[in-house]
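What the coordinates show
Take a look at the letters that make up each chain.
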Amino acid sequence: MAEEYPYNGRLSRWDEVAEGLAIVGVQALEDPFEFAAGQYATLGLLGPQGKLVQRPMSISSPPDDLSEYEFFIRLVHIGAFTPLLWKRKVGDPINIKGAKGKFLIQDDGRKCLFVASGTGLAPFISMIETMRRHGDTRQVILLHGVSYAYDLAWREQLSEIEAGDEFPLRYVATVSRPNESPGWAGETGRVEKIVAAQMDNFGLNADDTTVYLCGNPDMITAVDEIATERGFPPEQIRKELYWPKGREHR
Ligand SMILES: Cc1cc2nc3c(=O)[nH]c(=O)nc-3n(C[C@H](O)[C@H](O)[C@H](O)COP(=O)(O)OP(=O)(O)OC[C@H]3O[C@@H](n4cnc5c(N)ncnc54)[C@H](O)[C@@H]3O)c2cc1C
């Protein structure tokens with residue numbers, strides 16, 4: 001049976017980062033919901049059977065701006081939701097519900113090691129902007145792993161923050177397919193492969209650091225093991241898995 005008209009928002013922005021990868025804005029048409037940096041919203045579109053297809057998406061914008069919720073989304077060709085989204089255009093209606101999730105900056109005064117694979121960068125963008133706006137000057141080390149250099153969304157902005165003296169960010173990007181990323185001179189390999197060396201490089205340990213992991217489940221399992229071996233207790237290894245282990249499609 002078809003759902004009643006379910007739309008309470010509109011697509012307000014579509015910035016194509018690369019083919020099948022976009023920064024997407026959604027405006028709430030009714031009262032916007034509040035959220036905390038790191039939380040996700042549920043986006044929904046009517047599918048072919050007239051049913052609302054809904055998926056959780058981390059919010060990349062900061063919580064003190066509710067004029068537009070921003071997301072960083074990859075098209076999964078065999079998926080149910082993202083192929084519907086890729087057929088929409090700016091101005092089209094969409095369903096948005098929020099907010100949920102416990103992937104939050106811990107109020108523990110420790111340095112933050114943020115490790116993101118692919119679109120797992122989204123909640124960290126919200127967190128970094130929030131910390132910046134609120135004058136939270138804990139050191140943040142952000143490691144972002146992607147397949148191709150052109151998938152490195154926010155690279156320029158993050159490099160600018162790192163180069164400035166306003167916020168203590170260290171930003172390390174790594175590319176797993178350097179041969180297909182002309183001109184790439186940075187780290188290579190999957191992000192989980194550079195974590196141990198970067199922990200040593202920045203002198204991060206369980207006494208002074210909390211680790212935050214977001215994105216694909218294999219990365220999260222691998223870094224969880226590295227951090228656990230180094231004595232990080234479970235409460236200092238925060239995790240947001242984007243899909244269940246053992247299922248990956250492009
Ligand atoms: C808390 C939470 C936050 C999320 N935030 C984001 C986000 O910010 N951006 C985002 O793009 N996705 C995010 N996701 C994943 C998102 O909910 C969808 O699963 C994804 O967008 C694919 O939706 P789909 O319906 O097209 O495919 P689905 O039918 O959901 O998935 C099809 C298959 O692809 C796998 N899959 C899902 N996502 C990916 C991916 N990115 N790369 C490779 N394989 C994948 C799934 O395991 C599944 O087997 C989040 C998931 C969770 C649980």
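One structure accompanies this document, and this report is about it. Quantities reported herein were computed from a predicted structural model and do not represent experimental measurements. (Residues numbered from 1 in each chain as written. Predicted model: local features only at pLDDT ≥ 70, side-chain atom pairs only at ≥ 80, totals over all residues.)

Brief notes about the pairing of strand β11 (residues 209-215)
In regular strands, side chains alternate between the two faces of the sheet. Along β11, 7 of the 7 residues are buried, which leaves the element largely enclosed by surrounding structure. Alignment of strand β7 (residues 111-117) against β11, held across 6 bridges, turns out to be parallel. Its bridge partner being in β11, Lys111 is matched across the sheet by Thr209. Pairing of β11 with strand β12 (residues 237-241), which is carried by 5 bridges, proceeds in the parallel orientation. Looking at β12, one finds that Tyr212 is bridged to Arg238. One crossover worth recording links β11 to the parallel β12 by way of helix α5 (residues 217-229), and it is right-handed. (Buried ≥ 20, exposed ≤ 12 C-beta atoms within 10 Å, placed from the backbone. Helix = DSSP H or I, 4+ residues; strand = E, 2+ residues; numbered from the N terminus. Pairing = 2+ DSSP bridges. Right-handed = clockwise from strand over helix to strand, strands pointing away.)

Describing the environment of Lys97
Examined against the element boundaries, Lys97 turns out to sit in strand β6 (residues 93-100). Separated by 54 residues in the primary sequence, Lys97 and Leu43 place their C-alpha atoms 6.6 Å from one another. Setting aside anything within four residues of it in sequence, one finds Lys97 in contact with Ala41 and Thr42. (Contact = placed C-beta atoms within 7 Å.)

As for the sheet that holds β7
Reading across the sheet, the 6 strands line up as β10-β9-β8-β7-β11-β12 and stay open at both edges, with parallel pairing between neighbours. This sheet does not close on itself; its edge strands, each paired only once, are β10 (187-188) and β12. Note: strand β8 (residues 140-146) against strand β9 (residues 169-175), 7 bridges, orientation parallel. Looking at β9, one finds that Val140 is bridged to Leu169.

Observations concerning the nonpolar core
Ranked by size, the top nonpolar core spans 65 residues in total, and within it Phe71, Phe114, Val115, Phe124, Leu142, Val211 and Leu213 carry the most contacts. Tallying contributions element by element places helix α2 (residues 122-133) first for this core, with 6 residues. Viewed by domain, this core spans two of them, domain 1 (9-100) and domain 2 (111-241), each represented by three or more residues. Non-local contacts of Phe114, meaning those with residues more than four positions away in its chain, are made with Phe124, Val140, Ile141, Leu142, Leu143 and Tyr212. (Core = buried A, V, L, I, M, F, W, Y, C linked by C-beta atoms within 7 Å. Domains from an automatic or database assignment.)

Quick notes on α2
Helix length check: α2, at 12 residues, gives a terminal C-alpha distance of 17 Å against a target of 16 Å (1.5 Å per residue), a fit within 8%. Taken residue by residue, α2 has Ala122, Pro123, Phe124, Ile125, Ser126, Met127, Ile128, Glu129 and Met131 as its buried positions. Gly135 occupies a position one or two residues after α2 and carries a positive phi of about 65 degrees. (Expected span 1.5 Å × (residues − 1).)

Structural notes on the packing of helix α4 (residues 191-201) against α5
Between α4 and α5, the least distance of the axes is 9 Å, while the angle of their chain directions is 20 degrees. If you check the angle between α4 and α5, you find them roughly parallel. Crossing hand, α4 versus α5: right-handed. For the pair α4 and α5, the contacting residues are Val191, Glu192, Val195 and Ala196 in the first and Met219, Ala222, Val223 and Ile226 in the second. Here the contact of α4 with α5 is built from residues that sort into 7 nonpolar, no polar and 1 charged. (Axes fitted to C-alpha atoms, helices over the stretch in contact; angles between N-to-C directions. Parallel < 35°, antiparallel > 145°, perpendicular 65-115°, else oblique. Left-handed = near helix turned anticlockwise from the far one by under 90°. Nonpolar A, V, L, I, M, F, W, Y, C, P; charged D, E, K, R; others polar.)

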